[in-house]
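Summary of the model geometry
Next come the chains, spelled out residue by residue.
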Amino acid sequence: MARKKNNTPVIVLSVIVIVLIAGFFMYKSGVFGGKAQGKVTVYSIFQEEEARKIMDKFKADTGIDYDILRLPSGEAVSRVQNEMGKPQADFLMGGPADSHEVLKKAGALESYISPNASDIPDNMKDKEGAWTGFYLNPIAIGINTQRWKEKYGTAAYPETFKDLLDPKYKGEIGMSDPATSGTSYTAVASLAQVWGKDEMLKYMTQLLPNLKERPKSGIEPIQKAGKGEYTIGITFLGDQIKVKNQGNPIISIVPEAAGYEVGGLAIVKNGPNTAAAKKLMDYMLTAEPGKIYTESAYSVSVKPGVPVPPGGVDIKTTKYNKAYSLWTAAEQRKALQDALKDLK
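Throughout, residues of each chain are indexed from 1 in the direction in which the sequence is written. Given that this is a predicted model, residues contribute local features only at a pLDDT of at least 70 and side-chain atom pairs are listed and counted only at 80 or more, while totals for whole chains, interfaces and linings are drawn from all residues. The basis for every side-chain value is the complete set of non-hydrogen atoms in the structure, without hydrogens or water.

Observations regarding the nonpolar core
The following threshold applies: Remark: nonpolar core denotes a set of buried residues (Ala, Val, Leu, Ile, Met, Phe, Trp, Tyr, Cys) joined through side-chain atoms within 4.5 Å. Only protein chains enter the area calculation, which uses a 1.4 Å probe; residues under 20% of their type maximum are buried, those over 50% are exposed, and those in between are partly exposed. Strands here are runs of E lasting at least two residues and helices are runs of H or I lasting at least four, both read from the DSSP assignment and numbered beginning at the N terminus.
Of all hydrophobic cores here, the largest spans 94 residues; its most connected members are Phe46, Phe91 and Met284. Among the elements that take part in this core, strand E5 (residues 132-144) stands out by supplying seven residues, more than any other. Core analysis: the second largest hydrophobic core is formed by six residues, Ile222, Ala225, Val243 and Ile250 among them.

Structural notes on the pairing of strand E2 (residues 65-70)
We count it as follows: Paired strands are those between which DSSP finds at least two bridges.
In the sheet, strand E1 (residues 39-44) pairs with E2 via six bridges, with the strands oriented parallel. Across the sheet, residue Lys39 finds its bridge partner in E2, namely Asp65.

Re the environment of Leu136
We count it as follows: Between two residues, a contact is recorded if the distance between any of their heavy atoms is within 4.5 Å.
On the secondary structure map, Leu136 appears in strand E5. Owing to a relative accessible area of 9%, Leu136 belongs among the buried residues under this scheme. Separated by 164 residues in the primary sequence, Leu136 and Val300 have C-alpha atoms spaced 5.1 Å apart. Apart from the residues within four sequence positions on either side, Leu136 is in contact with Met124, Tyr260, Glu261, Val262, Ser299, Val300, Val302 and Ile315.

A closer look at the packing of aromatic side chains
For the record, the criterion: Working definition: rings of Phe, Tyr and Trp (its six-membered ring) pair if their centres are within 6.5 Å, and the pair is stacked with planes under 30 degrees apart, edge-to-face with planes over 60 apart, and tilted otherwise.
All told, the structure shown has 15 aromatic pairs when counted by the stated rule. Seen in terms of ring centroids, Tyr260 and Tyr320 are 5.3 Å apart; in terms of plane orientation they differ by 90°. Their pairing is edge-to-face. In this pair, Tyr260 is assigned in strand E10 (residues 260-268) and Tyr320 in the loop between strand E11 (300-301) and helix H12 (326-341), connecting sequence segments 60 residues apart. Exposure remark for Tyr260: the relative accessible area of 13% places this residue in the buried category. Members of the aromatic cluster, joined through ring pairs, are Phe46, Phe134, Tyr135 and Tyr293.

Focus: the pattern of salt bridges
Worth spelling out the cut-off: Take a side-chain nitrogen of Lys or Arg and a carboxyl oxygen of Asp or Glu: if they are within 4 Å of each other, that pair is a salt bridge.
As enumerated under the stated definition, the model contains 22 salt bridges in all. Between Arg147 and Glu172 there is a salt bridge whose closest N-O contact spans 2.8 Å. Here Arg147, found in helix H5 (residues 145-152), pairs with Glu172, found in the loop between H5 and strand E6 (173-175); they are 25 residues apart in sequence, far enough to count as distant. Between Glu295 and Lys291 there is a salt bridge, with the nearest N and O atoms lying 2.9 Å from each other. Placement of the pair is Glu295 and Lys291 together in helix H11 (residues 287-297), with a separation of four residues, close to one helical turn. Overall, the relative accessible area of 41% leaves Lys291 in the partly exposed class.

A closer look at the packing of helix H4 (residues 97-106) against H12
The relative placement of two packed helices is expressed as an angle between their axes plus a distance between the axes. Quick reminder of the rule: Only C-alpha atoms enter the line fits that serve as axes; for helices the fit covers just the stretch in contact. Angles between N-to-C directions range over 0 to 180 degrees. Throughout, the term roughly parallel applies to angles under 35 degrees, roughly antiparallel to angles over 145, roughly perpendicular to angles from 65 to 115, and oblique to all others. Left-handed is the label given to a crossing in which the near helix is rotated counterclockwise from the far helix by less than a right angle, and right-handed is the label when the rotation is clockwise. For this classification, the nonpolar set comprises Ala, Val, Leu, Ile, Met, Phe, Trp, Tyr, Cys and Pro, the charged set comprises Asp, Glu, Lys and Arg, and every other residue, Gly included, is treated as polar.
For the pair H4 and H12, the least separation of the axes is 8 Å and the interaxial angle reads 60°. When the axis of H4 is compared with that of H12, the two are oblique. Taken as a pair, H4 and H12 cross one another with a handedness that is right-handed. Residue-level inspection shows Ala97, Asp98, Ser99, Glu101, Val102 and Lys105 of H4 in contact with H12, the latter providing Leu326, Trp327, Ala329, Ala330, Glu331 and Arg333. A class-by-class count of the residues in the contact of H4 with H12 yields six nonpolar, one polar and five charged.

Overview of the environment of Met281
When you line up the elements, Met281 lands in helix H10 (residues 274-284). Overall, the relative accessible area of 1% leaves Met281 in the buried class. For Met281 and Ile113, which are 168 residues apart along the polypeptide, the C-alpha to C-alpha distance reads 9.1 Å. Not counting residues up to four positions away in its chain, the partners in contact with Met281 are Phe91, Tyr112, Ser114, Thr132, Leu265, Ala266 and Ile267.

Quick word on H5
How we decide: As used here, the arc is the angular range of directions from the helix axis to the C-beta atoms. For this analysis, a polar contact is any N or O atom pair within 3.5 Å, provided that within protein one partner can donate a hydrogen and the other can accept it, and provided that sequence-adjacent residues contribute only side-chain to side-chain pairs.
Residues of H5 that are buried include every one of Arg147, Trp148 and Tyr152, and no others. Taken down its axis, H5 places every buried residue within 105° of arc, on the same side. Turned more than 90 degrees away from the buried face of H5 sit Gln146, Lys149 and Glu150, all of them exposed. Its buried side turned inward, H5 meets E5 and strand E8 (232-236). One side-chain oxygen at the N-terminal end of H5 lies 3.0 Å from the backbone nitrogen of Gln146; it belongs to Asn144. Once H5 finishes, Gly153 follows within two positions and takes phi at roughly 60°, a positive value.

Structural notes on the side chain of Ser217
For Ser217, the position within the fold is in the loop between strand E7 (211-213) and helix H8 (220-226). You can call Ser217 buried: its relative accessible area is 13%. Discounting chain neighbours no more than four positions away, the residues touching Ser217 are Arg70, Ser176 and Ser181.

Remarks on the pairing of strand E3 (residues 91-96)
Across the six residues of E3, six count as buried, placing the element largely inside the fold. The pairing of E1 with E3 spans three bridges and is parallel. When the sheet's bridge partners are listed, Ser44 is paired in E3 with Met93. Where E3 lies against E10, four bridges are found, and the strand directions are antiparallel. What sits directly across from Pro96, in E10, is Gly263.

Written out as structure tokens, the structure reads:
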């Protein structure tokens, strides 16, 4: 009678091979400390073009997929607050840090101090790790030089905010709504700090007749000024340089009393994938994404090793308001925005 063949060693070997292969892929997916699992959901106040450039590189380097929803900063703040019971996002990318301060006080942000934040100055990050600065960008007056010449000839350009009150600019200025746009809120918050709240509100009342429109998005006024729809756009300097470098006849003036944005990064508390969000924070605070962003958005990185991009402007060479406090801006945000809503 033939002896029955013993297949046990083959079976055991097959099981070992399967376990090793499965273990390798589990490691790569992040279960055992390799690449993080799943997908990270980002609410981006960056323009989508810049955000996707960075996130595509992040995905290539880590294997972590992503979803992005682009929102103005005011809408992003409201959305994160409204979703606190069941957060839908993991990461908040960009927007003035005073917006992040509002979310910190609401308890909507995860405290995380990345080891890559050690070289960022203390006044550009939250000491408890609720948000970390990424870039700097001052408010500026952007002027379409071609339309200016057609309408005003060789007249001098406006050098100050109060110069913009001249009646000749009626319907020739675009400025986003400070109730929804972090760009314009930075402008009015800085004026309130320099002049006082009442003087700022008086100024905005006088400026209103000269405004062609008040869109939600902070970049829109300079995009439309670049196209010649009106002469002047009040936006962040980086947006103006970007529009200029796209071939539009724009000149920028950073006036005294101009506030500046510390563009922040934050992790949403109890988001769907906090582990991936922490990996994203660590990545964002390396030199490469700083370089990708500044070369596209023409802002200035808070990281000492990231140079001012070609065609960019070092904020230190401008007349921006060096005393501007983003913490004061955050404290005053609701009161100032409520007061501005009443202006007609």
